[in-house]
Amino acid sequence: MNIAEYCIKHVENFNHAVKTEEDLKVKVILPFLNTLGYSESFFRFENNIPVQVGTKSTVVKSDIEVLFDGHVQMVIDTKRPSHSISERDVIQVVSYAKLVATPPALYGVVTNGKETVVINIFSGQRTDIVPDKKQLLRDIEKSVSNTFTEIQLREIKSVLLTIQEHKDLFNVIDRCKEIIEKKG
């Protein structure tokens, strides 16, 4: 079931009862997430996300974050029901999902209660179905299996640290500079 179907079945007089983002969060999204197996202990609200753009710093806030084992796995951005979901809104939630943590959240969700875009941050696949708790746990497990093992990390670090002579480092830098200039 998607959020719009949930609203039709469970939110009496949606157009009059839900006017703001906060109305949507409290009256629709939280109860909807509960039906998907999530409980309040999984949520974080209005989290500050620091953003650095060049020399300028700012802070944005995510509406709802779904956490497992202390890691943000889904970022949900709510819009007032009268707001039509645009590509800009999708880009916004994707950027929040990528900025909120390392590794990024698996999913970004933007919804106004009538329209919903759910995007897998890693694959770019879009749908209107919010993953239930079991599906999200399966997806987390799959993404964990794609991370580097401790042995792989040690191998990577050893390869990265094999430049022992400063002349070798300067040669690598010169070669990189040549490549960049040719592509520029």
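Preceding block: the structure.
Residues numbered from 1 in each chain as written. Predicted model: local features only at pLDDT ≥ 70, side-chain atom pairs only at ≥ 80, totals over all residues. Heavy atoms only, no water.

> Is there a simple way to think about the pairing of strand E2 (residues 56–68) in this case?
For a regular strand, side chains alternate in direction, first toward one face of the sheet and then toward the other. Alignment of strand E1 (residues 43–53) against E2, held across ten bridges, turns out to be antiparallel. If you follow Asn-48 over to E2, its bridge partner there is Lys-61. Hairpin remark: E1 followed by E2, antiparallel, with two residues in the connecting loop; positive phi at Gly-54, about 65 degrees. Examined bridge by bridge, E2 and strand E3 (residues 71–78) share five bridges and lie antiparallel to one another. Its bridge partner being in E3, Phe-68 is matched across the sheet by His-71. In this antiparallel pair of consecutive strands, E2 and E3, the connection spans two residues, and Asp-69 shows a positive phi of 50 degrees. (Pairing = 2+ DSSP bridges. Helix = DSSP H or I, 4+ residues; strand = E, 2+ residues; numbered from the N terminus.)

> Looking at this structure, how should I read the pairing of strand E5 (residues 116–120)?
Burial analysis of E5 places five of its five residues in the buried class, the great majority of the element. Burial along E5 is two-sided: the residues Thr-116, Val-118 and Asn-120 and Val-117 and Ile-119 are all buried. With five bridges connecting them, strand E4 (residues 107–111) and E5 associate as antiparallel partners. Within E5, the position partnered with Val-109 by the bridge is Val-118. Hairpin connection between E4 and E5: a loop of four residues separates the two successive antiparallel strands, and Gly-113 in this loop has a positive phi of roughly 95 degrees. Bridge count for E5 against strand E6 (residues 126–127) is two bridges, and the pairing is antiparallel. Note that in E6 the partner of Ile-119 across the bridge is Arg-126. Counting the residues between successive antiparallel strands, the hairpin from E5 to E6 contains five residues, one of them, Gly-124, with a positive phi of roughly 80 degrees. (Buried < 20%, exposed > 50% of the residue type's maximum accessible area, 1.4 Å probe, protein only.)

> Any chance you could explain the packing of aromatic side chains here in plain terms?
Two measures describe an aromatic ring pair: the distance that separates the ring centres and the angle between the ring planes. All chains considered together, the criterion is met by five aromatic pairs. Both rings, one in Tyr-6 and one in Phe-32, keep their centres 5.4 Å apart while their planes meet at 65 degrees; by these two values the pair is edge-to-face. With Tyr-6 in helix H1 (residues 3–10) and Phe-32 in helix H3 (residues 21–35), the pair connects residues that are 26 residues apart, well separated along the chain. Residue classification places Tyr-6 among the buried residues on the basis of a relative accessible area of 6%. With a centroid separation of 6.3 Å and 85 degrees between ring planes, the pair formed by Tyr-38 and Phe-42 is classed as edge-to-face. Note on Tyr-38: relative accessible area 2%, which makes it buried. On the basis of relative accessibility, which here comes to 15%, the residue Phe-42 falls in the buried class. Here a set of aromatic residues connected by ring pairs shows up, and it is made of Tyr-38, Phe-42 and Phe-68. (Phe/Tyr/Trp six-rings, centres within 6.5 Å; stacked < 30°, edge-to-face > 60°.)

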